[in-house]
Each structure stands twice: as structure tokens, then as C-alpha cells.
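Architecture and fold: a report
Spelled out from the first residue to the last, the chains are:
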Amino acid sequence: MKQDLKRQDLRNVFLGNASTSKKSSAVSDHVDAASGYVSGNKWYQKDEVKELLKNPKMCEKSPLYEALEFMIGRGIITSPVEKWKPRRKSLNPCFHHDMLKRYLEVFNAYSQTLVNILKIETEKEFCDIRKPLAGVTLDIICETMLGFSVGAVNDPESQYIKAFERLTDIGTKRVFTFWLWPDTIFRFTSYYREAYQSIKLFNDLARSVSLFIFIQYGNCSN
């Protein structure tokens, strides 16, 4: 009896009968994506779905994120929901339209550089676009976040590109190899030692840039 009542409650929430429906011109007569009506039945109700998505349990990260924590630390990507939510909220102004407009010049410059590189690559019988894409990504991240470019896009053999590619490979390998998930096992593998060296390279770069900015700021203050 209780199970029947629960099923009926769920049916009322997701398959409640609809008396009227404002049809969307972008879909057929049987489907209204905007309001959730399908062939006269309401397959969801906005208020219920809103409450469902507000539940903190729905924002919990997959355990697979823990496999990447060694690489990117306990930041906004890997943080549990109780830490992620306030941090994400505090970062919202950084993604405001007016804020992102400041970086358009950087995005456009490196995008044009990438286009020029790919034009040359397309003349070859075979081209690997991973290195130019990795180089552009690194340069954009460094210049927008640190105000400093490592020149990776113009140097395919850059140590930073190699470290970035190796970290990507190791991270992917660990995610898809379940016996590497436990830290106690992973830390005894060659993958961990390689990843540690690559991470150290980027950490040293960040510290060097931070020190340079600190010294510059100190000189300007004096």
C-alpha cells in the first residue's frame, strides 16, 4: 500500500495531467520543452525540479574527482559541496561579462596565433594539433591569471607543454585504472613520481611569478 502511494506521488510530480499548455514553436505539437509538457502530460514541474537541484546531495562530486586531487589540489574543482558552493559564489564576479571583456584582447591575439600555426600544419600530410592547442591554453591561462606568458605556443618542445601533456596522460590513466585510485597504491608508482615532477615545474613557475610581482609592487610602493 505504501509503495503504491509513493508511486502515485512520483507520478503526480513528474507525470501530472496538464489542462493547458503554451506550445513552443521550436518543437512539435507533442512536445513543449519550455514548460515540460509531452502529449498532454506534464513530465516535470518547475518548482519540484528546482527544489531537487537545490539539494546539496545533487551537487556532490563523483569519487573520480579524488583521483585528480593529487594533480590540482583541493580547489574549487575537487572540493566537497559544502566548500564548493561558497567558493563558487565568491568567484561569480570573476566570470561577469564586463570582467571577461578585459581578456578579449588576450583571447583574440592567441586565437590568431593558433590559426596561423594550424594553417601551416594543414599543409602537412599529418598534423598533431594537441601541442599547439596545449600551448595556446597554457599561454592564455598564464597571461590572464598570472600576467605572464611562458611562450609555449611558439615552442612545441617547451618543457611546460611536455609537463602539461604528461599530467593529462597520467590523470586520464588514473581515472580509468581503478587500482590506481587509492593514494596508498598510486604513490608507489612511477606515474606519481612523473606527475610530481611536472606539478613541481608549474608550482615553481607560479612562485617565481608571485615573487616577481611582489618585488615590483614593493619597488612601486617605495
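Residues numbered from 1 in each chain as written. Predicted model: local features only at pLDDT ≥ 70, side-chain atom pairs only at ≥ 80, totals over all residues. Heavy atoms only, no water.

1. What to know about the overall build of the chain
Quick note on the threshold: A helix here means a DSSP run of H or I that spans at least four residues, while a strand means a run of E at least two residues long, and both kinds are numbered starting from the N terminus. We call a residue buried when its accessible area falls under 20% of the maximum for its residue type, exposed when it is over 50%, and partly exposed in between, using a 1.4 Å probe and counting protein chains only. By definition, residues are in contact when any of their heavy atoms lie within 4.5 Å. Each accessible area value is a Shrake-Rupley result obtained with a 1.4 Å probe; residue values ignore everything except the protein chains displayed when judging cover.
If you tally the helices and strands in the chain, you get ten helices and four strands. Counted from the first residue to the last, the chain has its helices and strands arranged as α-β-β-β-β-α-α-α-α-α-α-α-α-α. For the chain, the residues scored as buried account for 22% of the 222 residues in total. The contacts in the chain between residues at least 6 apart in sequence include a share of 46% that link residues at least 24 apart. Counting only carbon and sulfur atoms, one obtains 59% of the accessible surface of the chain, whose full area is about 16,600 Å².

2. What to know about the packing of helix H7 (residues 130–145) against helix H8 (residues 159–175)
Operational definition: The angle between two axes is taken between their N-to-C directions and runs from 0 to 180 degrees, where each axis is a line fitted to C-alpha atoms and a helix contributes only its stretch in contact. Any angle that falls under 35 degrees is termed roughly parallel, while one over 145 is termed roughly antiparallel, one within 65 to 115 roughly perpendicular, and all others oblique. Lys, Arg, Asp and Glu make up the charged group, whereas Ala, Val, Leu, Ile, Met, Phe, Trp, Tyr, Cys and Pro make up the nonpolar group; the residues left over, Gly among them, are polar.
It is at 10 Å that the axes of H7 and H8 come closest, and there the two elements cross at 105°. Comparing their axes, H8 and H7 come out roughly perpendicular. The segment H7 lies against H8, with Arg 130, Lys 131, Ala 134, Gly 135 and Leu 138 engaging Tyr 160, Ile 161, Phe 164 and Glu 165. Class assignment for the residues of the contact of H7 with H8 results in five nonpolar, one polar and three charged.

3. Observations regarding the layout of surface pockets
Picture a little ball the size of a water molecule; that probe, rolled over the atoms, points out where space is still empty. Put simply, the test is: The distinction between a cavity and a pocket rests on a 1 Å grid over the protein atoms alone: a 1.4 Å probe fits inside a cavity but cannot get out, while a pocket stays open yet meets protein on both sides within 12 Å along at least five of seven lines, and a residue with an atom within 4 Å of a point counts as lining. Grid points are joined across faces, edges and corners, and a volume is the space filled by probe spheres set on the points.
By volume, the largest pocket amounts to about 1,200 Å³. Taken together, 32 residues line the largest pocket, and the ones lying closest to its centre are Ile 72, Ile 77, Ile 141, Cys 142 and Met 145. Where the lining of the largest pocket is concerned, the elements lending two or more residues are helix H3 (69–72), helix H4 (81–91), helix H5 (97–101), H7, H8 and helix H10 (190–221). By volume, the second largest pocket is sized at about 260 Å³.

4. Here we look at H7
Stated formally: Take the residue count of a helix, subtract one, and multiply by 1.5 Å to get its expected span.
Look at H7: 22 Å from first C-alpha to last across 16 residues, which is about the 22 Å you get at 1.5 Å a residue. Among the residues of H7, Pro 132, Ala 134, Gly 135, Val 136, Leu 138, Asp 139, Ile 140, Cys 142 and Thr 144 are the ones counted as buried. Following H7 by one or two positions, Gly 147 has its phi on the positive side, about 70°.

5. Quick word on the packing of aromatic side chains
Here is the rule: Note on aromatic contacts: the rings of Phe and Tyr and the six-membered ring of Trp form a pair at centre separations within 6.5 Å, being stacked when their planes are under 30 degrees apart, edge-to-face when over 60 apart, and tilted otherwise. The criterion for a charge sitting over a ring is simple: Lys NZ or Arg CZ within 6 Å of the ring centre, and within 35 degrees of the ring normal.
Applying the stated criterion across every chain, the model contains six aromatic pairs. When the centroid spacing of 5.1 Å and the interplanar angle of 80° are considered together, the rings of Phe 178 and Trp 179 count as edge-to-face. By relative accessible area, Trp 179 is classed as exposed at 52%. Among the aromatic residues, those joined into a cluster by ring pairs are Phe 70, Phe 186, Tyr 192 and Tyr 196. The ring of Phe 186 carries Arg 174 above its face, with NZ or CZ at 4.2 Å from the centroid.

6. Description of the confidence of the model for the chain
Predicted coordinates in regions of low pLDDT should not be interpreted in detail. As a reminder of what qualifies: Known as pLDDT, the predictor's per-residue confidence is scaled from 0 to 100.
Overall, the prediction assigns the chain a mean pLDDT of 76, with 76% of residues at 70 or greater. Note that residues 5–11 has pLDDT below 50 and, in this model, two contacts with residues that lie over four places away or in other chains. The model gives residues 13–40 a pLDDT under 50, and that stretch makes 45 contacts with residues more than four places away or in other chains.

7. Things to note about helix H6 (residues 104–121)
The condition is simple: Directions from the helix axis toward the C-beta atoms define the arc.
Between its first and last C-alpha atoms H6 spans 25 Å; for 18 residues at 1.5 Å apiece the expected length is 26 Å, and the two agree. Every buried residue of H6 is listed here: Val 106, Tyr 110, Leu 114, Ile 117 and Glu 121. What you see down the axis of H6 is that its buried residues fit within an arc of 60°, all on one side. Those residues of H6 that are exposed and angled more than 90 degrees off the buried face are Glu 105, Asn 108 and Lys 119. Contacts from the buried residues of H6 go to H7.

8. Quick notes on the pattern of salt bridges
Applicable threshold: Salt bridges, as used here, are contacts in which a Lys or Arg side-chain nitrogen is within 4 Å of a carboxyl oxygen on Asp or Glu.
Taken as a whole and judged by the stated rule, the model has eight salt bridges. Lys 131 is the partner of Glu 157 in a salt bridge, and the nearest nitrogen-oxygen pair spans 3.3 Å. In this pair, Glu 157 sits in the loop between H7 and H8 while Lys 131 sits in helix H7, placing the two residues 26 residues apart along the sequence. When its relative accessible area of 26% is taken as the criterion, Lys 131 is described as partly exposed. Linking Arg 207 and Asp 204 is a salt bridge whose minimum nitrogen-to-oxygen distance equals 2.8 Å. Of this pair, Arg 207 and Asp 204 both sit in helix H10, separated by three residues, roughly a single helical turn. Classification of Asp 204 as partly exposed rests on a relative accessible area of 28%.

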